[in-house]
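# Remarks on the overall topology
What follows is each chain in one-letter form.
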Amino acid sequence: MLIAACMAAALCMLPASPAGADQDRPAQPRPGDIPPDELGNDRDGNPVTVSQYRGKVVIVTFWASWCGPCRRELPVLGKVQSIVGREHLEVIAVNVKEERRDFNAVVRANKGIPLRYIRDTPGRISDTYGVTSLPNMFIIGVDGKVAHVHRGYSEEMIDGFIQEMLALLPPEALAKPANG
């Protein structure tokens, strides 16, 4: 069982695209950078951009159905979204280069988890973010700049990422119950 868990974690740290494909891809945004704005369309077909959430902390996480740590992080991020609410936080989960049926299977398995899901089948969005391994998370501060970047991590590290995100929230966000 331990070997299987280690192999699954190692698979998630493998490149998300074929060897040599990274040469034309932009570098990942780093802390202090303004990230690419366009994130694609949500499940209702509405365009989603980082700038529409200016004034909120935004988590953009790139995931795939075959990535165990990615799938385990989605419910955790959904719980944080539920607790903090949408007034101060927006979690956007971008599926990378998968067929609709694989995307839909994960979304169905996570029914009721209040994340904004985006399907990036051609990989255009993940390419603009320089995503080369999964999972890959960008925590964006209320000023619209990248505060933290994490990639190829294990689920044990997620609690630390949540603490980073909580530190970016205004005090009033933590002092009152979420209102969605």
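To keep things clear, this report deals only with the structure shown in the data block. Since the structure is predicted, the reported quantities are computational estimates derived from the model, not experimental observations.

## Section: the layout of surface pockets
- Roughly 200 Å³ of volume is contained in the largest pocket.
- The wall of the largest pocket is formed by 14 residues, among which N41, D42, I118, R119 and D120 lie closest to the centre.
- Only β1 (38-41), α3 (100-109), β5 (116-120) and α4 (124-128) provide two or more residues apiece to the lining of the largest pocket.
- In the lining of the largest pocket, the residues fall into 5 nonpolar, 3 polar and 6 charged.
- By volume, the second largest pocket is sized at about 170 Å³.
- D42, R43, D44, V107, N110, K111, I113, L115, R116 and Y117 together form the lining of the second largest pocket.
- Along the lines of polarity and charge, the residues of the lining of the second largest pocket split into 4 nonpolar, 1 polar and 5 charged.

## Things to note about the nonpolar core
- With 46 residues, the main nonpolar core has L39, F62, Y117 and M165 as its most contacted residues.
- Elements supplying a minimum of two residues to this core: β3 (57-63), α2 (68-84), β4 (89-96), α3, β5, β6 (136-140) and α5 (158-168).
- Beyond its immediate sequence surroundings of up to four residues, Y117 is in contact with N41, D42, R43, W63, L74, A93, F103, V107 and N110.

## What about α2?
- The end-to-end C-alpha distance of α2 is 25 Å, a good match for the 24 Å that 17 residues give at a rise of 1.5 Å each.
- Listing the buried residues of α2 in full gives G68, P69, C70, E73, L74, L77, G78, V80, Q81 and V84.
- The positive-phi residue at the C-terminal boundary of α2 is G85, with phi of around 90°.

## Some words on the state of the cysteines
- Per the counting criterion, the structure on display carries 1 disulfide.
- Shown here is the disulfide that connects C67 with C70, its sulfur atoms set 2.4 Å apart. Its torsion about the S-S bond being 75°, the disulfide of C67 and C70 is classed as right-handed. The pair C67 / C70 is uniform in exposure class, with both members buried.

Reading the values: the criteria
Residues numbered from 1 in each chain as written. Predicted model: local features only at pLDDT ≥ 70, side-chain atom pairs only at ≥ 80, totals over all residues. Heavy atoms only, no water. 1 Å grid on protein atoms, 1.4 Å probe; cavity = no way out; pocket = protein on both sides within 12 Å on 5 of 7 lines; lining within 4 Å. Points joined across faces, edges and corners; volume = space filled by probe spheres on them. Helix = DSSP H or I, 4+ residues; strand = E, 2+ residues; numbered from the N terminus. Nonpolar A, V, L, I, M, F, W, Y, C, P; charged D, E, K, R; others polar. Core = buried A, V, L, I, M, F, W, Y, C linked by side-chain atoms within 4.5 Å. Buried < 20%, exposed > 50% of the residue type's maximum accessible area, 1.4 Å probe, protein only. Contact = heavy atoms within 4.5 Å. Expected span 1.5 Å × (residues − 1). Disulfide = S-S within 2.5 Å.

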